[in-house]
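If you want the building blocks of each chain, they are given just below.
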Amino acid sequence: MKIEKFKIEYYDDVLKLWRKAGIEVVSSDTIDEVTRVLNRNPDLFLIGKIKERVMAIAMGAFDGRRGYVHHLAVDPDYQKRGFGKTIMDALIEQFRKMNIHKVHLFIEKSNRNVVEFYNNLGWDVREDLIMMSYVPDKKLYKRHM
Ligand SMILES: CC(C)(COP(=O)(O)OP(=O)(O)OC[C@H]1O[C@@H](n2cnc3c(N)ncnc32)[C@H](O)[C@@H]1OP(=O)(O)O)[C@@H](O)C(=O)NCCC(=O)NCCS
């Protein structure tokens with residue numbers, strides 16, 4: 001699998017892959033919103049391609065203090081072959097190059113099986129934190145696109 005920086009021309013492929021992999025796409029995943037993430041994080045938003053087909057995606061981001069990983073996905077037909085680890089290793093290398101001290105990610109409790117995957121890669125579950133969210137404009141955020 002060849003790792004590349006995401007370009008917006010891959011948006012439709014990536015959306016299909018997210019859906020196929022069971023990622024819940026929300027109002028923050030429209031082409032305009034994804035473009036916004038890309039423009040802010042051109043070096044952290046990665047795809048993995050096999051024979052020109054997008055098979056893996058990792059949307060990395062940096063808020064100026066912490067790094068984040070959103071919507072990691074590998075095509076279900078290609079899972080458990082090391083591609084998830086490969087794209088995460090590439091993304092971590094990008095975070096390292098940018099001297100980012102710590103990186104967070106969020107896992108839906110209904111998807112807790114994936115914790116083991118991240119544990120294998122050296123990530124720790126935070127028992128000391130409670131995540132809270134706030135929606136500043138209820139017209140903008142929707143749980144479905
Ligand atoms: C999570 C995901 C990206 C892993 O991708 P993958 O290509 O299957 O993972 P890899 O093959 O690189 O796995 C690396 C290691 O983790 C293990 N692993 C992978 N998925 C696992 C799972 N769900 N539970 C436990 N271990 C897992 C593999 O067995 C492998 O271990 P090994 O090195 O000892 O053989 C993929 O399962 C996926 O796209 N899931 C659906 C979307 C999702 O849940 N994304 C995460 C959102 S937080």
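Check the entry above for the structure.
The structure displayed is predicted, hence computed values, not measured ones.

*Asks:* Where do I start with the pairing of strand S2 (residues 45–50) in this structure?
*Replies:* The side chains of a regular strand alternate, residue by residue, between the two faces of the sheet. Relative to S2, strand S1 (residues 2–5) is paired through 4 bridges, and the arrangement is antiparallel. Note on S2: the bridge partner recorded for isoleucine 3 is glycine 48.

*Asks:* Even after reading the chapter, I still don't get the site of the ligand, so can you show me in this structure?
*Replies:* Taken together, 21 residues lie near the ligand, and Val74, Gln79, Gly84, Lys85 and Glu116 sit nearest. Those elements that provide at least two residues to the shell around the ligand are strand S4 (67–74), helix H3 (83–97) and helix H4 (115–120). Tallied by class, the residues present in the shell around the ligand amount to 10 nonpolar, 7 polar and 4 charged.

*Asks:* Hey, could you run me through the pairing of S4 in this one?
*Replies:* As paired strands, strand S3 (residues 53–62) and S4 are joined by 6 bridges and run antiparallel to one another. Across the sheet, isoleucine 57 pairs through a bridge with alanine 73, a residue of S4. Between S3 and S4, which follow one another and run antiparallel, lie 4 residues, and glycine 64 among them has a positive phi close to 100 degrees. Relative to strand S5 (residues 103–105), S4 is paired through 3 bridges, and the arrangement is parallel. Bridge pairing in S5 links valine 69 to leucine 105. In terms of handedness, the path from S4 via H3 over to S5 forms a crossover that is right-handed.

Definitions and cut-offs
Residues numbered from 1 in each chain as written. Predicted model: local features only at pLDDT ≥ 70, side-chain atom pairs only at ≥ 80, totals over all residues. Pairing = 2+ DSSP bridges. Helix = DSSP H or I, 4+ residues; strand = E, 2+ residues; numbered from the N terminus. Near = placed C-beta within 6 Å. Nonpolar A, V, L, I, M, F, W, Y, C, P; charged D, E, K, R; others polar. Right-handed = clockwise from strand over helix to strand, strands pointing away.

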